[in-house]
Each structure stands twice: as C-alpha cells, then as structure tokens.
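# Structural features, examined
One letter stands for each residue in the lines below.
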Amino acid sequence: DAMVIQNPRYQVTQFGKPVTLSCSQTLNHNVMYWYQQKSSQAPKLLFHYYDKDFNNEADTPDNFQSRRPNTSFCFLDIRSPGLGDAAMYLCATREGKNQPQHFGDGTRLSIL
Amino acid sequence: AQKVTQAQTEISVVEKEDVTLDCVYETRDTTYYLFWYKQPPSGELVFLIRRNSFDEQNEISGRYSWNFQKSTSSFNFTITASQVVDSAVYFCALSASGGSNYKLTFGKGTLLTVNP
C-alpha cells in the first residue's frame, strides 16, 4: 500500500494559472518535504515542514508556497506558473533525523 | 558544506554483467548518513540503503552490495548479474547534522541502462 500519496500523477496547467499539488501520508511522520526535479537533474529541495514549522530554502522562488493543515497532508501551491516550472514535483516524509526519506510517486507538471 | 559526486553520468551494460556505481562525498560533520535511491522511468524515488558514518561494514542484499570506505570518502554500489529491470537512475545522497539539519544532498545521479 502506498504510504506517501501524491495527486494527481500528471497535472497540466496554463501559464500564469495557479495550481495546487497535494501530498498525503499514512506514516504519521513529522517531517514532510517538497522537491522539484527537472529532467536529468537531481531533486532540488524547495521547503520542508518539521511538524508545523515551515522551513523555506533560500533559493526557492516566492511563486512557490506550501501549506500543511495537519500531519497527514501537505500542499504545494504555485501562484503563477511559468514555463520554467514544468518539472516533476516530489513529496517525501521522514520520521527521525537519521531515517531515510520516503518519497511519493511524484506529480509531473506541464505548463501550456 | 556537503557535496556528493557521482562521476558516472551514464553506464550501459548487457544483462548479467556486474556493474559498480561510484559515489564520493564531502562533509565536515563526523556524524552523517549515506543513502542510495533508485529512480525508475516511472519517476518515484525508491530507497535502497542507509549507512551511518560509524558503520563501515559492507552490506549485501541479494544482487546488491555496498562498499563504504571512510578513508576514501566513498560509498559505491554494485549490482551483480544485472537485469533489465535494474535500468534506472541511481542517486547517492548524504544527510548530516550541523548546518544542514539532516537535509539530503543528492549527487547528480547515474543513468544505468541494462540491455537484454
């Protein structure tokens, strides 16, 4: 059974039209991450939550926002997607500081 | 600062060949963790192994084995008798205490293609 679930698997949006990607987990992990991965590149961390504490990476554009209403759910909001935001977006969770991160299947975002 | 180097961008082998994926890391922390993840064409990142800095014991899991050597800051991954299903991008990653707060630093990945 999937433990980190990302919906949808594929998302198409228009240039400039806000889009929300969702992530849920059944693991009850206290840390949740959002990564952006472009073709042939390593995942790039956008931000993470430690419980309700939000931690933004210094180079994450303001266009990217996140919400974590409860332990199980985390959302990635892209306020005005540009063509450069087309990528795979990966959600991950972690339980403790020395534990591996568990990844969802990702959402592949296309911008028209 | 942490850094992970996977010098091999792409490797192509024929089924049943053994293949080793190299990983070299840099960190100033004395406590750190090393990981390997597999990313098949479908896109999900699959956790394969975690190693902490105090445990240099090599590990074998089926056809997979890992060689951790602190003296050379390397954590290499060997697939024995490779299969077509092993075709994927493999990422080595480092997580450390200190300033990074246990965030993962990924290498750029190695694309492994196993041909029938």
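Relevant structure appears above.
Now for a look at the structure at hand. (Residues numbered from 1 in each chain as written. Chains lettered and ligands numbered in written order. Predicted model: local features only at pLDDT ≥ 70, side-chain atom pairs only at ≥ 80, totals over all residues. Heavy atoms only, no water.)

## Description of the environment of Tyr 64 of chain B
Residue and element names in this part refer to chain B. Here is the rule: Here a strand is any run of E in DSSP of at least two residues, a helix any run of H or I of at least four, and the numbering for each starts at the N terminus. Summary of the burial criterion: residues with accessible area below 20% of their type's maximum are buried, those above 50% are exposed, and those between are partly exposed, where the area comes from a 1.4 Å probe applied to protein chains only. Two residues form a contact once any of their heavy atoms are found within 4.5 Å.
The topology assignment puts Tyr 64 in strand β8 (residues 64-69). The buried category is assigned to Tyr 64, whose relative accessible area is 15%. Apart from residues lying up to four places away in sequence, Tyr 64 is in contact with Lys 38, Leu 48, Glu 59, Phe 77, Thr 78, Ile 79, Asp 86 and Tyr 90.

## Topic: the nonpolar core
All names here are of chain B. Heads up, the rule is: Each nonpolar core is a collection of buried residues, namely Ala, Val, Leu, Ile, Met, Phe, Trp, Tyr and Cys, held together in the definition by side-chain atoms within 4.5 Å.
The biggest cluster of nonpolar side chains holds 24 residues, and the ones touching the most others in it are Trp 36, Phe 77, Tyr 90 and Leu 112. Those elements that provide at least two residues to this core are β2 (10-14), β3 (19-21), β5 (32-39), β8, β9 (74-79), β10 (88-96) and β12 (110-115). Residue contributions to this core peak at 5 residues, all from β10.

## Points about the packing of aromatic side chains
Both the distance between ring centres and the angle between the ring planes are used here to describe each pair of aromatic rings. What counts here: Only rings of Phe, Tyr and Trp enter the pairing, Trp through its six-membered ring, and a pair is recorded when the two centres are within 6.5 Å. The plane angle decides the type: under 30 degrees is stacked, over 60 is edge-to-face, the rest tilted.
Per the counting criterion, the structure on display carries 22 aromatic pairs over all chains. Seen in terms of ring centroids, Phe 64 of chain A and Tyr 89 of chain A are 6.1 Å apart; in terms of plane orientation they differ by 35°. Their pairing is tilted. Within this pair, whereas Phe 64 of chain A is found in strand β7 (residues 64-67), its partner Tyr 89 of chain A is found in strand β9 (residues 87-94), the two being separated by 25 residues in sequence. With a relative accessible area of 4%, Phe 64 of chain A lands in the buried category. Classification of Tyr 89 of chain A as buried rests on a relative accessible area of 0%. Taken together through their ring pairs, the aromatic side chains of Tyr 33, Tyr 35 and Phe 103 of chain A together with Phe 35, Tyr 37, Phe 47, Phe 91 and Phe 106 of chain B make up a single cluster.

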